[in-house]
Amino acid sequence: MQRKNNSIRANAMPKVLIIDDDPDWRRLCEVVLGIHEIEVKQCAEPNLALDLVEQLMPDLIVLDVNMVHMDGFQLLWHLNNGATTAHIPVIMMSTRAKAMDVAWAQRLGAIRYIVKNRELPAVVEDLDRLAAEMLGGEPSAPSGDATDAFSGADRQAAVQTSEAGP
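Residues numbered from 1 in each chain as written. Predicted model: local features only at pLDDT ≥ 70, side-chain atom pairs only at ≥ 80, totals over all residues. Heavy atoms only, no water.

A. Spatial organisation of the side chain of D64. Looking at where D64 falls in the secondary structure, it is placed in strand β3 (residues 60–64). The class for D64 is buried, based on a relative accessible area of 5%. At 3.3 Å, the side chain of D64 and the side chain of K116 are in polar contact. The residues touching D64, leaving out its near neighbours within four places in the chain, are I19, D20, D21, G72, M92, M93, S94 and K116. (Helix = DSSP H or I, 4+ residues; strand = E, 2+ residues; numbered from the N terminus. Buried < 20%, exposed > 50% of the residue type's maximum accessible area, 1.4 Å probe, protein only. Polar contact = N/O pair within 3.5 Å; in protein donor to acceptor, adjacent residues only side chain to side chain. Contact = heavy atoms within 4.5 Å.)

B. A look at the nonpolar core. Of all hydrophobic cores here, the largest spans 24 residues; its most connected members are I19, I61, L63 and M92. Mapped onto this core, the elements with two or more residues apiece are β1 (15–19), α2 (46–56), β3, α3 (72–80), β4 (90–94), α4 (99–108) and β5 (112–115). Considering each element in turn, this core owes the most residues, four residues, to α3. Beyond its immediate sequence surroundings of up to four residues, I19 is in contact with C43, P46, A49, V53, I61, V62, L63, D64, M67 and L75. Within the second largest apolar cluster, 19 residues are counted, among which are L28, I38, M93 and V123. (Core = buried A, V, L, I, M, F, W, Y, C linked by side-chain atoms within 4.5 Å.)

C. The environment of V123, seen in detail. As for its position among the elements, V123 is in helix α5 (residues 120–135). Separated by 30 residues in the primary sequence, V123 and M93 have C-alpha atoms spaced 9.6 Å apart. Apart from residues no more than four positions distant in its own chain, V123 is found in contact with W25, L28, M93, V115, K116 and R118.

D. Layout of the side chain of T85. Within the secondary structure, T85 sits in the loop between α3 and β4. Taking the relative accessible area as the measure of exposure, T85 reaches 3% and is therefore buried. Here the side chain of T85 touches L79 through a polar contact of 2.7 Å, landing on its backbone oxygen. Apart from residues lying up to four places away in sequence, T85 is in contact with V53, E54, H78 and L79.

E. Structural view of the sheet that holds strand β2 (residues 39–43). As summarised here, the arrangement of the five strands in space is β2-β1-β3-β4-β5, forming an open sheet in which the pairing is parallel. This sheet does not close on itself; its edge strands, each paired only once, are β2 and β5. Put simply, the sheet's adjacent strands are angled 20 degrees from each other on average, direction ignored. Bridge count between β3 and β4: four bridges; the pairing is parallel. Bridging across to β4, V62 finds its partner in I91. On top of the sheet, helix α1 (residues 23–35) reaches β1, β2 and β4; it is set at about 170 degrees to β2, its chief contact. (Pairing = 2+ DSSP bridges. Axes fitted to C-alpha atoms, helices over the stretch in contact; angles between N-to-C directions.)

Purely spatial values, then, with no claim about function.
The following block contains the structure:
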């Protein structure tokens, strides 16, 4: 499998595909990333997402875990095993915040895991920081308590849970 990164094509507007069955979360992502002039496309149906990914070839995918017809973990597996999609970095975004969920997402190839069920400013800050990282700049919002779920103690807990098994 190719190594994933969040570098963006030179001289092109970055493109992010949001796959989430909740229109409010899709809209929030669109607004925050749009501030950074990132082109945002949306998909509400995970069973249509694979075809859409191949059509759009986004620079990044933000993927919800809890969806009907196919959950985000299943879709992530398909994306990471697709010949034309395995190189696209995926960030999982979910209300599921257990260390086992974070570890499973990481094991399946997600580069980050954003927990939705926190104070809204913390989620917005995570999205803002993500956009800044994609563009190689600084976040527009001040940094606060929101942390990347794949860093520090949270990552260590996720790895330990993963190694212990289900």
